[in-house]
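So you can see what is in the structure, the chains are spelled out below.
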Amino acid sequence: MIQAAMQRWIGVRGRTTKTAVALGIVLILGLIAADIVRGQLSAGTVGVYLWQGVIIGLVIGLAGVGLTLTYSILGFANFAHGEYLTVGAFGGWVATFVVAGIGTLELSGLLLLGFGSSEVNAGSAGVNVATAPAAIVVGAGFAAVVTMCLALALDRIVYRPMREQDGIALLIASIGVAFILRYALVLVFGTEQAGLTTGSGPDVSLPAVGVSASAHELTLIVAAIALVVGLHLLLQRTKLGIAMRAMADSESLARVTGIPTERVVRDTWLIGAGLTGVSGYLLVLWRGSISFDIGWNILLLVFAAVILGGIGSVYGAIVGGLVIGVASRLSLIWLPAGFVNVTAFLVMILVLIVRPRGIFSGRSST
């Protein structure tokens, strides 16, 4: 009887959640339609905001996948995750500059991305998807490799010796790691912001969504979709994916069944860090500039996406990132730019009120 009552309660709560979400979407669409009818807003502007929201949402979602993987397997929130994104971005763009400018520009200036150099800059290096596609591909790959090596080294030095401690101790350790990484970058590159690309390539008209997309935007979207599809296939079709799902459900049971848990932990760090590094690289490709705090500035949005999607759910992180990205950009219709992050967190809170465990609650991490 109790079980039947619980099932009825869960069913009612599920229907309530869907109704609340549907009403929220209808209300937003109604407000947008009203502004368009009154002439205060154009459909083209809405299309641009939606397009930008999808782009930033994919970046947040990719970074969120790395965060949720480490949380589901290791059981702690890694506050150094934003710095992984930053290190990946810097490492990838150093490789891009070297490939694009080697032989014509001073190597020291290329390695420092032009910081403090009068000769090396975005214009002289000629970095652009249209003019230097090979350099962009090499840079994205190097961003993943650098971040994977960093994550593996930090796991061996910091996190593995502390693995038997509780999540709070690991969280505090990750905050310390974040500060060390951030200010190590400051020592090398300084605190200034540097432009890295010569424009965003030729625009491509997308009539279906009513926007013109730059080559850099299309590169970001294609790369993000390819990585998400690849991750899905890895998690669902490989032995490693099965082992990761088993560890997410129960590490002790996975160990008893013969799964090499340390190897799975290592591979989890590598996959999560690689995706995070590439997401940082793609974020800079879209923005066109880089700074030492780029990862820190987006970290809270990444956490919001992971929580919104459902902590431990890879697919939830992607969906949560898209929701956060689109909500933050659509809010520009009514609010000043400084309030976009407030809107993102407000959406997260409202969803969690009706669905406390997130959009993908109750689903496995993988």
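Looking at an unreviewed UniProt entry, one finds the protein named Branched-chain amino acid ABC transporter permease, with Halovivax cerinus as its source organism. Comment text from UniProt for the protein, heading Sequence similarities (unreviewed entry), reads "Belongs to the binding-protein-dependent transport system permease family. LivHM subfamily." Looking at the protein in UniProt, the text filed under Subcellular location (unreviewed entry) is "Cell membrane".

Undergrad: Explain a nonpolar patch on the surface to me, and be specific about the residues and the numbers.
TA: Where nonpolar side chains cluster on the molecular surface, the patch consists of Ile 102, Leu 107, Leu 111, Leu 112, Leu 187 and Val 188 and spans about 560 Å² of accessible area. The residue Leu 112 is located in the loop between helix H4 (107–111) and helix H5 (122–125) in this model. Residue classification places Leu 112 among the partly exposed positions, given a relative accessible area of 31%.

Undergrad: Account for the pattern of salt bridges, with residues named and values stated.
TA: Enumeration according to the criterion identifies three salt bridges in this entry. Of the charged contacts, one joins Arg 182 and Glu 83 as a salt bridge, the two residues approaching to 3.0 Å between their closest N and O atoms. In this pair, Arg 182 sits in helix H7 (residues 167–189) while Glu 83 sits in helix H3 (residues 81–101), placing the two residues 99 residues apart along the sequence. Considered together, Arg 182 and Glu 83 belong to a single accessibility category, that of buried residues. Here Arg 266 and Asp 267 are joined by a salt bridge, their closest N and O atoms 3.2 Å apart. Classification of Asp 267 by relative accessible area gives buried; the value is 15%.

Undergrad: Give a description of the packing of aromatic side chains that names residues and reports values.
TA: According to the stated counting rule, one finds ten aromatic pairs in the structure shown. Between Tyr 159 and Trp 269 the ring centres are 5.5 Å apart and the planes differ by 10°, which places this aromatic pair in the stacked class. Taken as a pair, Tyr 159 in helix H6 (residues 133–159) and Trp 269 in helix H11 (residues 261–287) lie far apart in primary sequence, 110 residues in all. The structure contains a cluster of three or more aromatic residues connected by ring pairs, namely Phe 76, Tyr 84, Tyr 159 and Trp 269. The residue whose ring lies beneath Arg 182 is Phe 179, and the NZ or CZ to ring-centre distance is 4.9 Å. In this structure, Arg 182 packs its charged tip against the face of Trp 296, placed 4.5 Å from the ring centre.

Undergrad: Tell me what's going on with the packing of H3 against H7, and back it up with residues and numbers.
TA: Put simply, H3 and H7 touch, their axes get as near as 9 Å, and they point 30° apart. The angle between H3 and H7 falls in the class roughly parallel. Both H3 and H7 take part in a crossing whose hand is left-handed. Only Ala 178, Leu 181, Arg 182, Leu 185 and Phe 189 of H7 make contact with H3, whose side of the interface consists of Glu 83, Tyr 84, Thr 86, Val 87, Phe 90 and Val 94. Residue classes in the contact of H3 with H7 are distributed as eight nonpolar, one polar and two charged.

Undergrad: Outline the nonpolar core, supporting the account with residue identities and numerical values.
TA: Tyr 84, Trp 93, Phe 97, Leu 113, Tyr 159 and Ile 298 are the most contacted members of the largest nonpolar core, which has 96 residues in total. A total of 13 residues in this core trace back to one element, the largest contributor, which is helix H2 (residues 43–74). Filtering out sequence-adjacent residues up to four positions away, Phe 97 remains in contact with Ile 102, Leu 110, Leu 113, Val 120, Asn 121, Ala 122, Ala 125, Val 127 and Leu 196. Membership of the second largest hydrophobic core comes to five residues, among which are Val 46, Tyr 49, Leu 330 and Ile 333.

Undergrad: Let's hear about the packing of helix H9 (residues 239–249) against H11: which residues, and what values?
TA: Relative orientation of the contacting elements H9 and H11 amounts to 105°, with a least axis distance of 10 Å. Regarding the angle of H9 to H11, the classification is roughly perpendicular. Along its contact with H9, which presents Leu 240, Ala 243, Met 244 and Met 247, the element H11 presents Thr 261, Val 264, Val 265, Asp 267, Thr 268 and Ile 271. Across the contact of H9 with H11, the residue classes break down as seven nonpolar, two polar and one charged.

Undergrad: So what's going on with H9? Which residues, and what values?
TA: In an α-helix, one turn spans 3.6 residues; hence positions three or four apart end up facing the same way. Those residues of H9 lying buried are Gly 241, Ala 243, Met 244 and Met 247. Down the axis of H9, the buried set is contained in an arc of 160°. They therefore lie on one face. Those residues of H9 that are exposed and aimed more than 90 degrees away from the buried face are Lys 239 and Asp 249. Elements in contact with the buried residues of H9: H2, helix H8 (215–237), helix H10 (251–256) and H11.

What counts, and at which threshold
Residues numbered from 1 in each chain as written. Predicted model: local features only at pLDDT ≥ 70, side-chain atom pairs only at ≥ 80, totals over all residues. Heavy atoms only, no water. UniProt positions renumbered as here; feature names shortened; annotations may be inferred. Patch = residues over 30% accessible without salt bridge, like charges linked within 9 Å, V, L, I, M, F, W, Y side chains within 5 Å. Areas by Shrake-Rupley, 256 points an atom, 1.4 Å probe, with all protein chains shown as cover. Salt bridge = Lys/Arg side-chain N within 4 Å of Asp/Glu carboxyl O. Helix = DSSP H or I, 4+ residues; strand = E, 2+ residues; numbered from the N terminus. Buried < 20%, exposed > 50% of the residue type's maximum accessible area, 1.4 Å probe, protein only. Phe/Tyr/Trp six-rings, centres within 6.5 Å; stacked < 30°, edge-to-face > 60°. Lys NZ or Arg CZ within 6 Å of the ring centre and 35° of its normal. Axes fitted to C-alpha atoms, helices over the stretch in contact; angles between N-to-C directions. Parallel < 35°, antiparallel > 145°, perpendicular 65-115°, else oblique. Left-handed = near helix turned anticlockwise from the far one by under 90°. Contact = heavy atoms within 4.5 Å. Nonpolar A, V, L, I, M, F, W, Y, C, P; charged D, E, K, R; others polar. Core = buried A, V, L, I, M, F, W, Y, C linked by side-chain atoms within 4.5 Å. Arc of directions from axis to C-beta.

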